[in-house]
Amino acid sequence: MHPLTKLIHDDMIPALGVTEPGAIAFAAARARSLTHGPIQSVAVAMNSGLYKNAFTCGIPNSHAVGNVFSAALGVVAGNWEKGLESLADVTEADNAAAQALVDQGKIKVTLSGIDSTIFLEATVTTETDTCTVTIRGSHTNIVSIIHNGATVFEKAEDHAAKPGEEPTPLIHTYTLAQLAEYAQTVPVEEIAFIQSAYDVNLALYQEGIDSPRTTFAPCLLRANGGKPVSDDVIATAQLLAAGAVEARVLGLDQPAMSITGSGAHGILATLPLYAAQQVWGLSEECLWRATALSYLVCMYIKEYSGRLSAFCGCAIAAGTGAACGLVLMQGGDPDALARTIRNMASSITGMICDGGNQGCVMKGVTAVDAAFRAATFARSGVAIDPVHGINAPDPETTMRYMGRIASPGMVGTEKTIVEIFEEKMG
């Protein structure tokens, strides 16, 4: 298996709901699994990216939102062995029990600091036990478990490096041209597993269309002539992507296939390409190859920006990946891909992330439009000149600059967003 194939394969993870509430519930459930008796308290500390993303986000199998309720459901009904799908089996009775813990003031959530590197610490205390689970680097990467003062699990924090630190991520050892060559030449049977992302994400889209809770998805369906796929490729792509994103942020009961730790990234990196494949009459092989490049470009940018930051990675990183996938689908060469990246860098870089919520739908609609237009301009030889803005003569540096806008560039923005959230609570 090619190293890039393994990178994609290992990063594709089904996630029920937004990954941040899932991570909170997972950590709380793991800590609860090692304690006994009635819960006295649950204390969860997390970095600003987790705190912000889950702040008003829908929770699977619940009508509640946010960090506190995610932790409460995690200790009541979370199955940590299911990872980011730890809340798959929640019932109405579980919701009532979680609400009781919240009402009793037993769940406390605090902000550990303004940081784009994932950090989450959940402590569950009962009359007989205290257990603390610490996660760093990725949403389910447990680095330590301390039970009643004794360390019962510990691992090297090999995912904890901040953006730009050594060792160099595998993805950054490749040029854009090499990533495109891989996507075009890797044996198709080696990347056939990518089809599972479409199976998962299209089922999530359908859940959004069928749910009475969604509002944007039905509107976009009407705008697309009442059909999931029409002759309008952009309208089709916006419908499919936004329908899945809306279902996800509302916490509907279908997973997304995440990439770089985010279901929205996984949706934006795939479903616009599916729309193009359907409308343009292309093969599944063409779709899988374009998706491989889309994923890799998304990863390239995210390794610089950090997995959680104040810019909208689903629009900027995954949207840029999708734009490159669209160019590959139409036979574009590395120069066209480089032009595409400059067009995306100069358009939506800087779009804020104010958490996982319905605003993600509007951001997704905007990103899809930008991706198609950036790709169309690039295929026509039209692009922002490298001398302008955050563009560079080579696409690798442009992607690095895009990531730097998020981290460290938007650390102050993230702090302001969190302050606004806390002002709203007060």
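Residues numbered from 1 in each chain as written. Predicted model: local features only at pLDDT ≥ 70, side-chain atom pairs only at ≥ 80, totals over all residues. Heavy atoms only, no water.

The secondary structure content of the chain amounts to 16 helices and eight strands. Computed over its C-alpha atoms, the radius of gyration of the chain comes to 21 Å, within 12% of the 22 Å expected for a compact globule of 426 residues. Among the 426 residues that make up the chain, the fraction classed as buried is 58%. Considering only contacts within the chain whose residues lie at least 6 apart along the sequence, 76% involve residues at least 24 apart. Of the roughly 16,000 Å² of accessible surface on the chain, a fraction of 53% belongs to carbon and sulfur atoms. (Helix = DSSP H or I, 4+ residues; strand = E, 2+ residues; numbered from the N terminus. Rg over C-alpha atoms; globule rule 2.2 N^0.38 Å. Buried < 20%, exposed > 50% of the residue type's maximum accessible area, 1.4 Å probe, protein only. Contact = heavy atoms within 4.5 Å. Areas by Shrake-Rupley, 256 points an atom, 1.4 Å probe, with all protein chains shown as cover.)

On to the pattern of salt bridges, then. The full count for this structure, using the stated rule, is eight salt bridges. Note that glutamate 285 and arginine 289 form a salt bridge whose closest N and O atoms lie 3.0 Å from each other. You can see glutamate 285 and its partner arginine 289 sitting in helix α11 (residues 284–305), four residues apart, about one turn around the helix. By relative accessible area, which is 37% here, glutamate 285 ends up partly exposed. (Salt bridge = Lys/Arg side-chain N within 4 Å of Asp/Glu carboxyl O.)

Right, let's get into the nonpolar core. Among the nonpolar cores identified, the biggest contains 142 residues, and Leu120, Tyr182 and Ile267 are the most heavily contacted of them. Here the element with the most residues in this core is α11; it accounts for 14 residues. If sequence neighbours within four positions are ignored, tyrosine 182 has contacts with His2, Leu4, Thr5, Ile8, Ile191, Ala292 and Leu296. (Core = buried A, V, L, I, M, F, W, Y, C linked by side-chain atoms within 4.5 Å.)

Below, the discussion takes up the pairing of strand β7 (residues 150–154). Judged from the four bridges that link them, strand β6 (residues 142–147) and β7 form a sheet pairing that is antiparallel. Of the residues in β7, the one forming a bridge with isoleucine 145 is phenylalanine 153. Taking the residues that link successive antiparallel strands as the turn, the β6-β7 hairpin has two residues, and the phi of asparagine 148 there is positive, at about 50 degrees. (Pairing = 2+ DSSP bridges.)

What follows deals with the packing of helix α7 (residues 195–210) against helix α10 (residues 263–280). At a closest axis distance of 10 Å, the pairing of α7 and α10 adopts a crossing angle of 90 degrees. Accordingly, the angle class assigned to the pair α7 and α10 is roughly perpendicular. Where α7 approaches α10, its residues Ala197, Tyr198, Asn201, Leu202 and Leu204 are matched on the opposing element by Gly266, Ile267, Thr270, Leu271, Leu273 and Tyr274. Considering only residue class, the contact of α7 with α10 consists of eight nonpolar, three polar and no charged. (Axes fitted to C-alpha atoms, helices over the stretch in contact; angles between N-to-C directions. Parallel < 35°, antiparallel > 145°, perpendicular 65-115°, else oblique. Nonpolar A, V, L, I, M, F, W, Y, C, P; charged D, E, K, R; others polar.)

Bringing the packing of aromatic side chains into the picture now. Evaluation of the coordinates by the stated rule reveals five aromatic pairs. Taking the centre distance of 4.5 Å and the plane angle of 15 degrees together, the rings of phenylalanine 55 and phenylalanine 421 count as stacked. In this pair, phenylalanine 55 sits in the loop between α3 (48–54) and α4 (67–77) while phenylalanine 421 sits in helix α16 (residues 411–425), placing the two residues 366 residues apart along the sequence. In terms of burial, phenylalanine 55 and phenylalanine 421 fall into one category: buried. One aromatic cluster is present, formed by Tyr51, Phe55 and Phe421 through successive ring pairs. Over the aromatic face of tryptophan 80 sits the side chain of arginine 30, whose NZ or CZ is 3.9 Å from the ring centroid. (Phe/Tyr/Trp six-rings, centres within 6.5 Å; stacked < 30°, edge-to-face > 60°. Lys NZ or Arg CZ within 6 Å of the ring centre and 35° of its normal.)

The values reported here are purely geometric and, on their own, carry no functional implication.
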